[in-house]
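Coordinates in review
So the chains spell out like this:
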Amino acid sequence: MLYNLLYPLADEFQIFNLFRYITFRTGGAVMTALIISFVIGPRVIRWLKSKQGEGQPIRTDGPETHLKKKGTPTMGGLMIMIAVIVSTLLWVDLTNTYTWIVLLVTVGFGLVGFGDDYLKLTKRNTKGLSSKVKLVATLVVAAVATGWYLMVTPWEMGTGLALPFFKDLLIHLGWFYVPFAIVVIIGSSHAVNLTDGLDGLATVPIMIAAACFGLIAYLSGNAIFSNYLGIHHVPGTGELAVFCGALVGAGLGFLWFNAPPAMVFMGDTGSLSVGGALGAISVITKHELVLAIVGGLFVLEALSVMIQVASFKLTGKRVFRMAPIHHHFEKKGWSEPTVVIRFWIIAVILALVGLSTLKLR
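Throughout what follows, the structure given in this document is the object of discussion. (Residues numbered from 1 in each chain as written. Predicted model: local features only at pLDDT ≥ 70, side-chain atom pairs only at ≥ 80, totals over all residues. Heavy atoms only, no water.)

In this section: the overall build of the chain. Within the chain, the regular secondary structure consists of 15 helices and two strands. Burial statistics for the chain: of 361 residues in total, 54% are counted as buried. Put simply, of all contacts in the chain between residues at least 6 apart along the chain, 74% involve residues at least 24 apart. Just so you have it, the chain exposes about 16100 Å², and 70% of that area is on carbon and sulfur atoms. (Helix = DSSP H or I, 4+ residues; strand = E, 2+ residues; numbered from the N terminus. Buried < 20%, exposed > 50% of the residue type's maximum accessible area, 1.4 Å probe, protein only. Contact = heavy atoms within 4.5 Å. Areas by Shrake-Rupley, 256 points an atom, 1.4 Å probe, with all protein chains shown as cover.)

Below, the discussion takes up the packing of helix H2 (residues 22–52) against helix H3 (residues 77–91). At their nearest, the axes of H2 and H3 sit 8 Å apart, and the two run at 145° to each other. Read as a crossing pair, H2 and H3 show a hand that is right-handed. Residues Phe24, Arg25, Gly28, Ala29, Thr32, Ala33, Ile36, Ser37, Ile40, Gly41, Ile45 and Trp47 of H2 form the contact with H3, whose own contacting residues are Leu78, Met79, Ile82, Ala83, Val86, Ser87, Leu90 and Trp91. Of the residues that constitute the contact of H2 with H3, the class distribution is 14 nonpolar, five polar and one charged. (Axes fitted to C-alpha atoms, helices over the stretch in contact; angles between N-to-C directions. Left-handed = near helix turned anticlockwise from the far one by under 90°. Nonpolar A, V, L, I, M, F, W, Y, C, P; charged D, E, K, R; others polar.)

What follows deals with the packing of aromatic side chains. Per the counting criterion, the structure on display carries eight aromatic pairs. Between Tyr98 and Tyr149, the ring centres sit 6.2 Å apart and the planes meet at 45°, which makes this aromatic pair tilted. Of this pair, Tyr98 sits in helix H4 (residues 97–123) while Tyr149 sits in helix H5 (residues 131–152), placing them 51 residues apart in sequence. When its relative accessible area of 7% is taken as the criterion, Tyr98 is described as buried. A ring pair is formed by Tyr177 and Phe180, whose centres lie 5.7 Å apart and whose planes are at 50°; its orientation type is tilted. Remark: Phe180 and Tyr177 occur in helix H7 (residues 177–195); sequence separation between them is three residues, near one turn of the helix. Exposure remark for Phe180: the relative accessible area of 24% places this residue in the partly exposed category. (Phe/Tyr/Trp six-rings, centres within 6.5 Å; stacked < 30°, edge-to-face > 60°.)

Once that is clear, we can look at the environment of Tyr228. Along the chain, Tyr228 turns up in helix H9 (residues 223–229). With 130 residues separating them in the primary sequence, Tyr228 and Leu358 have C-alpha atoms 10.0 Å apart.

The biggest cluster of nonpolar side chains holds 95 residues, and the ones touching the most others in it are Ile80, Val102, Phe109, Tyr149, Ile206 and Leu247. Tallying contributions element by element places helix H10 (residues 240–258) first for this core, with twelve residues. Excluding residues within four positions of it along the chain, Phe109 makes contact with Thr138, Val141, Ala142, Ile185, Ile186, Ser189, Leu272, Ser273 and Gly276. (Core = buried A, V, L, I, M, F, W, Y, C linked by side-chain atoms within 4.5 Å.)

Okay, here's the thing in structure tokens:
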């Protein structure tokens, strides 16, 4: 790892002192992931096209404008995963357990998403893995990550639930925290997955959430800043800022190829892995409820699906013209770029509201 290789030289050469600072390494992770994405992007897209033929199957019941997307390859999330993992390993302190927990979730959920995308391509339909298999697989990964987290975190802190805007308040859930944390990680993953339905729609909100939690991780890991802001100090979480920086850089690089009209789709490979990682970071930094605000757009997308399903089963009627909700607005006549940009604006507003819970003064 670059950081570990150069760290011993810090005492002899002052310039290497930079590698002691999380902020510098976070910036390095951003740029490294961005460069990796730009370099491997065209090669990954060409490889995916050569393997996938007709590309991702398009929903026949979706907006008619989506038919022109036929032939666009999916599994572009591989690009994000490679850039994030490589840049994180280069810049993070590898002795930090929290980073390994987040990487475990990223890779584990990414493999589940890869399997789902692969089945969609080979079976030439939009179903992929069954909901039950998906749930069980992600449940196992989330459970292992949660157990590992509780092993390396003091019990009272690890099983505590912090409430936004309430200084020093920590509700101890005991063993009930285990299923709660698992639900947060899985819920975040699937909410991001549901949002990934239009060119670039999920990519920017992912970067916004990653940037917010990069700041939160840095502040939570710093005793002075966390005390000043009235948030819970969790030693060691500062290194997660490096991971978040890598995710921002990888997202920027991927957006270059995913912007309308998309050259590649993220697929479940990317959306499940990234969503799971954000959920895991929110658990480790004790900002689970803040994730619901910062990632409010993902929550809205997931709620629209749940409302649609519940309404149809109970009354036989649909609340929305189509779910997730971004398709509802397409059905109403909004163009795809209009939906995407307006949803980005909503994501920015919700992120600012979420950050306000830090009581920045």
